[in-house]
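Fold and contact review
Letter by letter, the chains look like this.
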Amino acid sequence: MSAGAPAPDPRPLAGVRVLDLTNVLAGPYAGYQLALMGADVVKIEVPGAGDLARQLGASPELNAKGLGASFLAQNSGKRSLSLNLKAERGQEVMRRLVERADVLLENFRPGVMERLGFGWEALRGINPGLVYCAVSGFGADGPLSDRPAYDQIVQGLSGMMDATGTAGTGPLRAGFPIADVLGGLAAAFAVAGALVRRERGGEGAYLDVSMLETAITAMGWGASNYLSAGVEPRRIGNENATAAPSGTFRTAEGDLNIAANKQEQFETLCAVVGAPELARDPRFAAREDRKAHRGPLREALEEYLAQRPAAEWEVALSAAGVPAARVLSVREALESDHIAHRRLLHTLPFPGEEGRSLRVLGSGVHVDGAALGPGRPPPLLGEHTDEILREAGYGPADIDQLREAGAI
């Protein structure tokens, strides 16, 4: 590297160009993970409307500005290009962008891109090295492929909801859109893998990501127990089906998660809380005994745990080698010393407003010891349209003509 030359970007996907045609959550989340890894993600949005997530969030003020919290959460680091894919000139721009792209990411219903003239076969003809990633609720084919998909629908169809809750509550959804997020992570992982294959062989790839299938695979042993032993998960609340005592326990102040899954952990737990006799009780002597007597074991432990707050038990049990931690609120988790040390939160200028800042989540992955965060705030709708078109070879007069033709 010559003296004075800028250091190369150390992020794994630096130099990769992604065309992000996604909306709302699963697709944008995938694009955000790629951006955090260094990719140049160009978010292509419908002129005048943009991503629906711009209108979604807890703040009506932000929703009205097209900067809903849902949008702010997963679009930092991207550039926004407004483009009308139904206009002839807009399609011309799209073809030129595809020629220069490495990845195209979309989460329309199956068939929409084909009707626009931009299905996999058409785009592969333009750019044989393109990695085309389609994220949908149920995949590109099959009996459910044409259905609309939302996170809760996928949670229900995957078995996740049936396995969550208690006998009294009935099925419960997770308190956040887990199926969408898992689909986005799977898409980002698949794109990275396809880029490695292209680096070795030169060919692009068509990636068909199903949120439903991804959600089912994430259930792990919950599905494996049925496949291997014919046993379906039961709704047992915060208990761990594989061990006891392993769940959430009441203390003098606050709830405490304990995962004493090993025999030595259980015996240490009993000693630390001041109840060594529980380890000698025949009902609790071995793993299967404890699972069969969860209720009495919980009652006995909570009598001792009621003597101190969860924060103190967390320190004492963790120091003794028993996995234990408080149940925190979202606020408490985000403001914890550990998260601050890991530099997960990143502060950016608020889009379009001087003197105001925005905090967003970065990546849960550190690369060479560095925490990965976005390099720019979430974009205003169409904020980078002219800039991106200039990079694609359009001059000022060309851009004016595209605007007059309703293409941008």
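Source: prediction; values computed, not measured.

**Comments concerning the overall build of the chain**
Scanning the chain from N- to C-terminus turns up 19 helices and 13 strands. By its C-alpha atoms, the chain is 85 × 50 × 45 Å across when sized along the principal axes. For the chain, the residues scored as buried account for 43% of the 408 residues in total. Taking all contacts inside the chain whose residues are at least 6 apart in sequence as the whole, residues at least 24 apart take part in 67%. For the chain, the computed accessible surface area is about 20,400 Å², with 53% contributed by carbon and sulfur atoms. Here the chain holds 41 positive side-chain charges and 50 negative ones, and the gap between their average locations is 0 Å.

**Thoughts on the side chain of Asn240**
On the secondary structure map, Asn240 appears in the loop between helix H10 (221-229) and strand S7 (246-250). Side-chain polar atoms of Asn240 contact the side chain of Thr242, separated by 2.9 Å.

**Comments concerning the sheet that holds strand S3 (residues 79-82)**
Read from one edge to the other, the open sheet built from six strands follows the order S3-S2-S1-S4-S5-S6, with strand pairing classed as parallel. Because the sheet does not close on itself, it has two edges, and the strands there are S3 and strand S6 (205-210). The sheet shows a mean angle of 20° between the axes of neighbouring strands, taken without regard to direction. Bridge analysis of strand S1 (residues 17-20) against strand S2 (residues 40-45) gives four bridges, and the strand direction is parallel. Residue pairing across strands places Val18 opposite Val41, the latter belonging to S2. Packed onto the sheet, helix H4 (residues 88-100) meets S1, S2, S3 and strand S4 (103-106) and runs at close to 145° relative to S1. Packing of helix H9 (residues 211-218) onto the sheet brings it into contact with strand S5 (131-136) and S6, and relative to S6 it is tilted by some 65°.

**Examining the packing of aromatic side chains**
Under the criterion given, the structure shown has three aromatic pairs. Arranged with centres 6.2 Å apart and planes meeting at 65°, the rings of Trp120 and Tyr132 form a pair that is edge-to-face. Taken as a pair, Trp120 in helix H6 (residues 120-126) and Tyr132 in strand S5 lie far apart in primary sequence, twelve residues in all. By the burial criterion, Trp120 is buried, and Tyr132 matches it. Seen in terms of ring centroids, Tyr132 and Tyr206 are 5.7 Å apart; in terms of plane orientation they differ by 45°. Their pairing is tilted. Of this pair, Tyr132 sits in strand S5 while Tyr206 is found in strand S6, placing the two residues 74 residues apart along the sequence. Looking at Tyr132, the relative accessible area reads 1%, which means it is buried. Grouping aromatic residues by their ring pairs yields a cluster made of Trp120, Tyr132 and Tyr206. Here Arg290 stacks its cationic end above the ring of Phe266, 4.4 Å away from the centre of that ring.

**A word on helix H14 (residues 294-305)**
Given a rise of 1.5 Å per residue, twelve residues ought to cover 16 Å, and the 16 Å separating the end C-alpha atoms of H14 matches this to within 8%. Within the span of H14, buried status applies to Arg294, Leu297, Arg298, Ala300, Leu301, Glu302, Tyr304 and Leu305. Among the structural elements, S7, strand S8 (255-259), helix H11 (263-273), helix H12 (277-280), helix H13 (287-292) and helix H15 (310-319) are those in contact with the buried residues of H14.

**Some thoughts on the packing of helix H7 (residues 151-158) against H9**
At a closest axis distance of 9 Å, the pairing of H7 and H9 adopts a crossing angle of 50°. Between H7 and H9, the crossing angle belongs to the class labelled oblique. H7 and H9 meet at a crossing whose hand is right-handed. Residues Val154, Leu157 and Ser158 of H7 form the contact with H9, whose own contacting residues are Met211, Leu212, Ala215 and Ile216. Tallied by class, residues from the contact of H7 with H9 come to six nonpolar, one polar and no charged.

**Here we look at a nonpolar patch on the surface**
Together, Tyr150, Ile153 and Leu157 make up an exposed nonpolar region whose accessible area comes to about 330 Å². Checked against the element boundaries, Ile153 lands in helix H7.

**With respect to the nonpolar core**
Counting residues in each nonpolar core, the largest one holds 35 residues, and the members touching the most others are Val18, Cys133 and Val135. Of all the secondary structure elements, the ones that give two or more residues to this core are helix H1 (26-36), S4, S5, helix H8 (178-201), S6 and H9. Element by element, the count of residues in this core is highest for H8, at eight residues. Contacts of Cys133, omitting those with residues within four sequence positions, involve Leu104, Leu105, Glu106, Ala187, Val191, Leu207 and Val209.

**Describing the environment of Ala187**
Mapped onto the fold, Ala187 is located in helix H8. The spacing of Ala187 and Gln33 is 154 residues in sequence and 9.5 Å in space, taken between C-alpha atoms. Beyond its immediate chain neighbours, meaning those up to four positions away, Ala187 contacts Ala30, Cys133, Val135 and Val209.

About the criteria used
- Residues numbered from 1 in each chain as written.
- Predicted model: local features only at pLDDT ≥ 70, side-chain atom pairs only at ≥ 80, totals over all residues.
- Heavy atoms only, no water.
- Helix = DSSP H or I, 4+ residues; strand = E, 2+ residues; numbered from the N terminus.
- Buried < 20%, exposed > 50% of the residue type's maximum accessible area, 1.4 Å probe, protein only.
- Contact = heavy atoms within 4.5 Å.
- Areas by Shrake-Rupley, 256 points an atom, 1.4 Å probe, with all protein chains shown as cover.
- Lys, Arg positive; Asp, Glu negative; His and termini not counted.
- Charge placed at Lys NZ, Arg CZ, Asp CG, Glu CD.
- Polar contact = N/O pair within 3.5 Å; in protein donor to acceptor, adjacent residues only side chain to side chain.
- Pairing = 2+ DSSP bridges.
- Axes fitted to C-alpha atoms, helices over the stretch in contact; angles between N-to-C directions.
- Phe/Tyr/Trp six-rings, centres within 6.5 Å; stacked < 30°, edge-to-face > 60°.
- Lys NZ or Arg CZ within 6 Å of the ring centre and 35° of its normal.
- Expected span 1.5 Å × (residues − 1).
- Parallel < 35°, antiparallel > 145°, perpendicular 65-115°, else oblique.
- Left-handed = near helix turned anticlockwise from the far one by under 90°.
- Nonpolar A, V, L, I, M, F, W, Y, C, P; charged D, E, K, R; others polar.
- Patch = residues over 30% accessible without salt bridge, like charges linked within 9 Å, V, L, I, M, F, W, Y side chains within 5 Å.
- Salt bridge = Lys/Arg side-chain N within 4 Å of Asp/Glu carboxyl O.
- Core = buried A, V, L, I, M, F, W, Y, C linked by side-chain atoms within 4.5 Å.

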